[in-house]
Amino acid sequence: MIDHIELLRLIENDAKLSNEDIAVRLGVSEDEVVKEIKYLQDEKIILGYTTNINWEKQLPEHCIGMIEVRITPTKGKGYDQVANIISQYDKVSACYLMSGGFDLMVIYEDKSLRDIANFVNQKIATQEGVLSTTTHFILKKYKANGIMFDMPDADDRQAVIL
Amino acid sequence: MSDYSNKISDVVNNVPPSAIRRFFDLANEMKGNVISLSIGEPDFVTPWSIREAGINSLREGYTHYSPNSGYIEARQAISNYISRRYGVTYSPKNEILITVGGSEGLDLVARALINPGDEVIIVEPCFVAYKATVMFAHGVPVVVSTKEENDYKLLPEELEAAITDKTKYLILGYPSNPTGAIMTHDELAKIRDVLVRHPEIIVISDELYCELNYLSDKPASLIQFPELRDRVIMINGFSKSYAMTGWRIGYSVGPAPIIAAMTKIHQYCIMSSPSMAQFAIIDAAENGDSCIEEMRNEYNHRRRVLLKGLADAGLKCFTPYGAFYAFPSIEGLGLRSDEFCERFLLEKKVAIVPGNAFGECGEGHVRISYAASIDDIKEAVVRMKDFVDSLKKG
Ligand SMILES: Cc1ncc(COP(=O)(O)O)c(C=O)c1O
């Protein structure tokens with residue numbers, strides 16, 4: 001019997017593991033792995049498989065904005081309608097309803113500060129129900145998606161320890 | 001003064017150097033260009049929260065000696081840990097001593113208990129310090145050789161046969177370095193039954209690997225038998241469970257008079273264990289259960305990958321359920337274990353350890369540590385298969 005949490009933790013850390021790899025690590029059969037992964041996908045617990053990329057290294061002009069949005073909820077639909085409209089933009093990588101001083105946190109990735117400013121002006125500020133926005137730009141990434149940038153991975157252990 | 005042999009004491013001269021000195025030197029020379037599955041310590045770095053606790057103690061100026069037996073807060077944290085994990089209570093006041101690694105505990109026990117000529121039963125294959133500490137303390141090691149067909153567990157009849165009227169103590173190390181063997185509660189109960197018939201014998205239980213047990217999520221130990229309460233000493237520490245080898249903190253728990261005798265030696269020879277490290281282990285013992293569990297899970301995955309790879313390579317290996325070692329057999333391949341490891345290192349650039357380093361009965365086997373990345377383990381077993389195939393072809 002596969003422990004779903006153990007399976008999910010495993011592929012969360014390494015989406016490229018083959019079914020055979022997973023089976024060996026968990027001590028189960030490959031068929032079971034295939035069956036359980038299908039179940040988790042059907043249940044929309046597994047939503048997809050992505051790659052962690054250090055875009056700053058590949059594209060020097062990459063830029064990320066975190067946009068706080070305050071809104072008046074639309075009658076009957078709460079915050080969902082505005083959130084849905086904003087989320088449908090491909091360059092919006094995340095959108096969260098927040099507690100505290102603002103309502104939505106929108107993470108938006110594009111080429112430059114100007115592009116992000118344009119998006120905020122043209123696509124967010126103009127939405128019905130949006131009261132105000134505050135935009136923050138990421139200056140440097142220290143850790144993202146659980147991965148630390150710039151960590152040495154040297155093994156300083158002695159050659160043989162009995 | 002060029003001949004030192006008559007200057008060095010006889011006991012020290014009489015402890016043989018490690019059986020694999022040559023192999024050691026070779027592996028050290030080649031380090032960096034080889035895959036190392038020869039290392040008896042975690043590859044993980046100590047969890048950050050524990051490291052930070054150590055750093056904070058420096059910031060706050062705790063740079064002095066601690067009380068001889070350790071800060072009371074650290075002993076209390078250990079006491080809480082033991083009652084949480086083992087379900088038994090030891091008083092932080094006089095039944096727990098904080099040592100410089102489990103290693104110091106092994107030494108203190110030997111010096112506190114042994115009169116010259118006393119016998120100590122050692123269950124091989126085992127960690128190399130057991131025999132040496134007994135010999136340094138003028139004791140006589142009596143070796144019981146456990147067998148692969150018994151999954152390297154100590155059988156009650158094997159113990160019974162080794163006992164004489166000179167036996168002072170028995171030292172048991174499960175989960176085992178180097179075999180990865182464990183003993184369950186029921187198996188230990190049979191050892192208890194033998195010991196109940198021999199009330200003079202003290203038992204030392206080295207449980208450095210207690211948290212690395214892949215069959216049970218709670219440790220099984222002789223300290224859990226009330227009948228033995230007045231003569232079991234548990235040697236334990238933070239090195240393996242919490243990936244804290246370099247911090248050098250261990251502890252001994254047992255009956256107050258024995259702990260007092262050990263503390264007497266510790267007080268004169270060591271004074272106190274490192275203060276900064278004691279602050280770190282308070283955090284480990286209080287908040288570290290989830291770190292232990294994550295690391296155990298990861299080791300368990302590696303264990304399965306290694307065992308599968310060894311089977312694919314055609315090496316017979318009993319299934320280890322503890323520590324982070326496998327101890328496959330190389331019998332029938334025509335090489336002694338030290339020759340096997342030396343050639344494997346030179347020809348395939350993978351370091352593993354000859355079984356005879358852990359006692360004569362370890363001959364015919366090699367110790368493979370899976371405290372290494374899965375990628376390294378996978379690559380190493382592929383090379384192992386090539387190597388074994390080439391030996392079989394002759
Ligand atoms: C079985 C066993 N006991 C004790 C020790 C000593 O560990 P430490 O002194 O780091 O606590 C080791 C270390 O390799 C070991 O393998």
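Our subject is the structure that appears above.
Since the model is a prediction, treat every value here as computed from it, not as a measurement.

Participant: Explain the interface of chain A and chain B to me, please; I cannot follow it from the model alone.
Facilitator: Accessible area lost during the coming together of the parts is what is often quoted as the interface size. Across the boundary between the two partners, chain A contributes 16 residues, which contact 29 residues of chain B. Taken together, both faces of the contact between chain A and chain B bury some 1900 Å²; the carbon and sulfur share is 57%. On the chain A side of the contact with chain B, A:R25, A:R157 and A:L162 bury the most area, a combined 45% of that side's loss. Remark: the boundary between chain A and chain B carries two salt bridges. A salt bridge links B:K378 to A:D21; its shortest N-O distance comes to 2.4 Å. Taken together, the links from chain A to chain B amount to eleven residue pairs in polar contact (both at pLDDT 80 or more). Breaking the side of chain A that touches chain B down by element, the ones donating at least two residues are α1 (4-13) and α2 (19-26) of chain A. Of all the elements, α2(A) adds the most residues to the side of chain A that touches chain B, at five residues.

Participant: Where do I start with the packing of aromatic side chains in this structure?
Facilitator: In this description, a pair of aromatic rings is defined by centroid distance and the angle of the planes. All names here are of chain B. According to the stated counting rule, one finds 17 aromatic pairs over all chains in the structure shown. Seen in terms of ring centroids, Y209 and Y325 are 5.7 Å apart; in terms of plane orientation they differ by 75°. Their pairing is edge-to-face. Of the two residues, Y209 is situated in the loop between β6 (202-206) and β7 (232-237) and Y325 in strand β9 (residues 325-326); the sequence distance between them amounts to 116 residues. The burial state of Y209 is the same as that of Y325; both residues are buried. Aromatic rings pair up to connect F44, Y209, Y299, F324 and Y325 into one cluster. If you follow R229 out to its NZ or CZ, it ends over the ring of Y90, 3.9 Å from the centre.

Participant: Please clarify how the pairing of strand β8 (residues 250-253) of chain B should be interpreted in this entry.
Facilitator: For a regular strand, the rule is simple: side chains alternate between the two faces of the sheet. All names here are of chain B. The side-chain alternation of β8 yields two buried faces, one formed by G250 and S252 and the other by Y251 and V253. Where strand β2 (residues 96-99) and β8 come together, four bridges link them in antiparallel fashion. The residue of β8 that forms the bridge with T99 is G250. In the sheet, β7 pairs with β8 via four bridges, with the strands oriented antiparallel. For I235, the partnering residue across the bridge sits in β8 and is S252.

Participant: Whenever I open this one, the sheet that holds strand β5 (residues 167-172) of chain B confuses me. Can you help?
Facilitator: Strand pairing in a sheet relies on backbone hydrogen bonds. The paired strands run either parallel or antiparallel. All names here are of chain B. Taken together, the seven strands give an open sheet; going across it, the order is β2-β8-β7-β6-β5-β3-β4, and neighbouring strands pair in mixed fashion. Two strands in the sheet have a free side with no partner beyond their single neighbour: β2 and β4 (140-145). Along the sheet, successive strands turn relative to each other by an average axial angle of 20°, direction set aside.

Cut-offs used in this document
Residues numbered from 1 in each chain as written. Chains lettered and ligands numbered in written order. Predicted model: local features only at pLDDT ≥ 70, side-chain atom pairs only at ≥ 80, totals over all residues. Heavy atoms only, no water. Contact = heavy atoms within 4.5 Å. Buried area = accessible area lost by both parts, 1.4 Å probe. Salt bridge = Lys/Arg side-chain N within 4 Å of Asp/Glu carboxyl O. Polar contact = N/O pair within 3.5 Å; in protein donor to acceptor, adjacent residues only side chain to side chain. Helix = DSSP H or I, 4+ residues; strand = E, 2+ residues; numbered from the N terminus. Phe/Tyr/Trp six-rings, centres within 6.5 Å; stacked < 30°, edge-to-face > 60°. Buried < 20%, exposed > 50% of the residue type's maximum accessible area, 1.4 Å probe, protein only. Lys NZ or Arg CZ within 6 Å of the ring centre and 35° of its normal. Pairing = 2+ DSSP bridges. Axes fitted to C-alpha atoms, helices over the stretch in contact; angles between N-to-C directions.

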